[in-house]
Structures are given as C-alpha cells and as structure tokens.
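Chain by chain, the residues:
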Amino acid sequence: MINQLFQELCALDEVEALALGGSRAGEQFDEASDYDVYLYCRGPVPEEIRRTILSRYCSIMEIGNHFWEYEDNCRLNNGIDIDILYRDLDAFAADVAQVVEQFQARNAYTTCMWHNLLTCKVVYDRDGRLARAKERFSVPYPRQLRENILARGWGLLHGAMPAYDAQLVKAVKRGDLVSVNHRTAGFLETYFDFLFALNEATHPGEKRLVQLCRERCALLPDHFEENLEKLFQDLYHAPEQAAADIQSIILELEKVYQP
C-alpha cells in the first residue's frame with residue numbers, strides 16, 4: 001500500500017524527490033512505526049489533488065497543516081500514521097548551508113535539518129538533485145560551527161544576563177510554575193544542542209535524546225542521567241529545587257567545557 005501511495009505522489013509533475021526520515025529511514029523500526037515523508041517540490045501541489053490521492057490510502061486526513069512545516073498529517077488504512085512534508089529543495093538546502101557552510105549557530109536544534117538530510121532514505125529523485133544535496137553536505141563537522149554553537153549555547157545556559165539559569169532563579173522566587181517549566185524547557189533544548197555540538201554530532205531531533213546521547217556522545221558530563229532525572233522529579237514534586245538542579249548540571253558541564 002505504501003509503495004502504491006509513493007508511486008502516485010512521485011508521478012505528480014511538481015514532485016522532484018521523495019525521501020523517508022525518522023526510524024523508517026534506518027533499521028530501528030517495526031510495523032507500527034510512523035512514516036515521515038519528505039516531498040521536495042518545484043511548485044505547490046494543489047490540496048484537492050493531494051486529498052484525492054490520500055483518500056485512497058488514509059482513514060484520517062488533515063490536509064495543509066502548517067504548525068511547523070507545511071504538511072499533511074494522516075492515518076493510513078492500516079492504522080499507521082504518516083506525515084507528508086512539502087519542501088522546496090533550494091530553500092531547504094539554503095537553510096542547511098547557513099549552518100554547515102556559514103557556521104550559523106541557533107538557540108537550539110542547530111544541526112537538525114543537516115541531520116535530517118544526511119540520514120534520510122531517498123526513495124525517488126527525478127533529476128538527482130536530492131542526492132547531490134546529500135553529497136554536498138556530507139562533510140566533516142566544521143570546527144567553526146562547533147565553536148559557534150558552544151559559545152552561543154554557553155551564554156544561553158549560564159553566561160549571559162538573560163541566560164536560562166538566571167531566568168529560572170527568578171521564576172522560582174516568584175513561585176511562577178509556568179515560567180519554571182518554560183525556562184527549564186528552553187534550558188534543556190540548548191543543553192542538548194550544546195552536547196551534540198561538543199561531540200561533533202548532528203542533532204537527531206527531539207525524541208530519545210538521553211538514549212542517543214549515550215550512544216553517540218563520547219564526551220558527556222558526569223552524572224548526566226542522574227542529574228536530569230533529579231531535575232525531572234523536582235519539576236513535578238519540588239519545583240522550588242529546579243534552579244539548584246540546573247546549577248548542578250552546569251557545574252558538571254563546566255568540567256568538560258571551558259569557555
């Protein structure tokens with residue numbers, strides 16, 4: 001069924017490439033794993049055409065969601081979810097180039113799209129442009145990019161006046177639990193971006209980050225998992241301790257990184 005769907009999508013004039021991402025792009029998936037599908041298009045595919053095609057394969061369809069990227073979120077007739085994201089390859093490559101070739105650090109998830117490109121499984125590539133993009137960015141982790149991510153990340157974690165740890169102290173003093181949660185989430189997004197950059201590893205996304213750090217990062221702070229576990233426990237049972245937990249994480253990070 002999924003192969004038939006892919007064939008119909010790839011037959012569209014606007015579609016120049018189709019790739020699989022997430023677990024389906026590798027070997028760690030099972031029959032229940034969702035499909036993350038990336039359609040690289042030279043122009044918009046009309047919603048009516050997409051709806052007509054997808055209705056033959058899907059029991060639930062949300063066409064044209066734009067909460068993150070522009071996508072159709074559906075459930076196949078066999079009960080498996082499928083997310084189809086529509087991208088312009090030139091724009092996507094330009095975004096990756098800002099990171100890989102221009103060394104632009106971001107507040108979090110800096111190298112996620114680079115990782116997405118490198119690890120995707122190309123199913124269809126009409127003119128070979130997606131393969132050429134993968135080849136272009138299949139380069140060693142740039143030293144300047146690493147330094148830029150670490151410098152920016154360290155300032156957000158601890159060094160700058162608006163750093164997350166300082167904001168969290170204020171939120172705890174106010175007893176503002178929503179702000180405590182928000183600042184902690186921001187801290188952790190930057191923390192994992194920092195750790196992957198420290199190890200010259202591309203950022204794999206938002207899922208299973210502790211496990212993936214263990215698997216892919218040779219350099220991790222002492223008590224990495226224990227300190228995170230204590231933070232998570234305190235967030236729900238003793239939120240007034242969250243600022244102190246963050247400081248423990250920073251102290252261990254300072255032992256493996258000297259700004």
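You'll find the structure just up there.
Reading the values: rules and limits
- Residues numbered from 1 in each chain as written.
- Predicted model: local features only at pLDDT ≥ 70, side-chain atom pairs only at ≥ 80, totals over all residues.
- Heavy atoms only, no water.
- Helix = DSSP H or I, 4+ residues; strand = E, 2+ residues; numbered from the N terminus.
- Contact = heavy atoms within 4.5 Å.
- Areas by Shrake-Rupley, 256 points an atom, 1.4 Å probe, with all protein chains shown as cover.
- Lys, Arg positive; Asp, Glu negative; His and termini not counted.
- Charge placed at Lys NZ, Arg CZ, Asp CG, Glu CD.
- Core = buried A, V, L, I, M, F, W, Y, C linked by side-chain atoms within 4.5 Å.
- Buried < 20%, exposed > 50% of the residue type's maximum accessible area, 1.4 Å probe, protein only.
- Arc of directions from axis to C-beta.
- Polar contact = N/O pair within 3.5 Å; in protein donor to acceptor, adjacent residues only side chain to side chain.
- Pairing = 2+ DSSP bridges.
- Salt bridge = Lys/Arg side-chain N within 4 Å of Asp/Glu carboxyl O.
- Axes fitted to C-alpha atoms, helices over the stretch in contact; angles between N-to-C directions.
- Disulfide = S-S within 2.5 Å.

Trainee: Quick one: what's the story with the overall build of the chain, residue by residue and with numbers?
Mentor: Looking only at helices and strands, the chain has 11 helices and 6 strands in total. In terms of principal-axis extent, the alpha carbons of the chain reach across some 55 × 40 × 30 Å. Contacts in the chain between residues at least 24 apart in sequence constitute 59% of all its contacts with a sequence separation of at least 6. By element, 50% of the accessible surface of the chain is carried by carbon and sulfur atoms, the whole surface being about 13,500 Å². Separation of charge centres in the chain, based on 27 positive and 41 negative side chains, amounts to 3 Å.

Trainee: Explain the nonpolar core to me, using residue names and the numbers behind them.
Mentor: Residues F137, F187, Y191, F192, L195, C213 and F224 are the most contacted members of the largest nonpolar core, which totals 56 residues. Top contributing element to this core by residue count: helix α8 (residues 177-198), with 10 residues. Here L195 is in contact with C213, C217, L220, P221, F224 and L253, once residues within four sequence places are set aside.

Trainee: Account for the environment of L9, naming residues and giving values.
Mentor: Assignment of secondary structure puts L9 in helix α1 (residues 2-10). Expressed as a C-alpha distance, the spacing of L9 and N181, which sit 172 residues apart in the sequence, is 41 Å. The contacts of L9, once residues within four sequence positions are left out, are V15, L18, L39, I53 and I84.

Trainee: Could you give me a rundown of helix α5 (residues 129-136), with the residues and numbers involved?
Mentor: Among all positions of α5, only L130, A133 and K134 are buried. One side of α5 holds all its buried residues, which, seen down the axis, span an arc of 100°. Along its buried surface, α5 packs onto β1 (15-21), β2 (35-41), α3 (89-100), α4 (112-119) and β6 (121-125).

Trainee: Could you give an account of the side chain of R50, with specific residues and numbers?
Mentor: Mapped onto the elements of the fold, R50 is located in helix α2 (residues 47-55). With relative accessibility at 2%, the residue R50 sits in the buried group. Only 3.1 Å separates the side chain of R50 from the side chain of Y70, close enough to count as a polar contact. There is a polar contact of 3.3 Å between the side chain of R50 and the side chain of Y86.

Trainee: Tell me about the pairing of β1, and name the residues and values.
Mentor: Looking along a regular strand, one sees the side chains alternate between the two faces of the sheet. The buried fraction of β1 amounts to 7 of the 7 residues, a majority that puts the element mostly inside the structure. The pairing of β1 with β2 spans 6 bridges and is antiparallel. Looking at the pairing, L18 lines up with L39 of β2. Looking at chain direction, β1 and β6 are connected through 4 bridges and run antiparallel. Its bridge partner being in β6, L18 is matched across the sheet by Y124.

Trainee: Just give me the short version of the pattern of salt bridges, but keep the residues and values in it.
Mentor: Going through the model one piece at a time under the given rule, you end up with 16 salt bridges. R42 is paired through a salt bridge with D127; the nearest N and O atoms lie 3.4 Å apart. A residue pair is termed long-range when its members are at least 10 positions apart, and R42 in the loop between β2 and α2 and D127 in the loop between β6 and α5 qualify at 85 residues. E200 is paired through a salt bridge with R146; the nearest N and O atoms lie 4.0 Å apart. You can see E200 sitting in the loop between α8 and α9 (209-216) and its partner R146 sitting in helix α6 (residues 143-159), a full 54 residues away along the chain. By relative accessible area, which is 34% here, E200 ends up partly exposed. Among the residues examined, R146 registers a relative accessible area of 16% and is labelled buried. Through salt bridges that share partners, E16, R42, D90, D127 and R129 make up one connected network.

Trainee: Give me the lowdown on the sheet that holds strand β4 (residues 71-76), citing residues and values where you can.
Mentor: Ordered by their spatial adjacency, 6 strands build an open sheet running β3-β4-β5-β2-β1-β6, and the pairing between neighbours is mixed. Every interior strand has two partners, whereas the edge strands, β3 (58-65) and β6, have only one. In this sheet, adjacent strand axes meet at a mean angle of 15° when their direction is disregarded.

Trainee: Tell me about the state of the cysteines, and name the residues and values.
Mentor: Counted under the stated rule, the structure contains 0 disulfides. Looking at C74, it has no disulfide partner, and the nearest cysteine sulfur is the one in C58, 4.3 Å off. The class for C74 is buried, based on a relative accessible area of 4%.

Trainee: With reference to specific residues and values, describe unusual backbone geometry.
Mentor: With a phi close to 55°, Y109 is a non-glycine residue in the positive phi region. By the element assignment, Y109 lies in the loop between α3 and α4. Of note in the backbone geometry, R208 takes a positive phi value of approximately 55° without being a glycine. What makes R208 partly exposed here is its relative accessible area of 44%.

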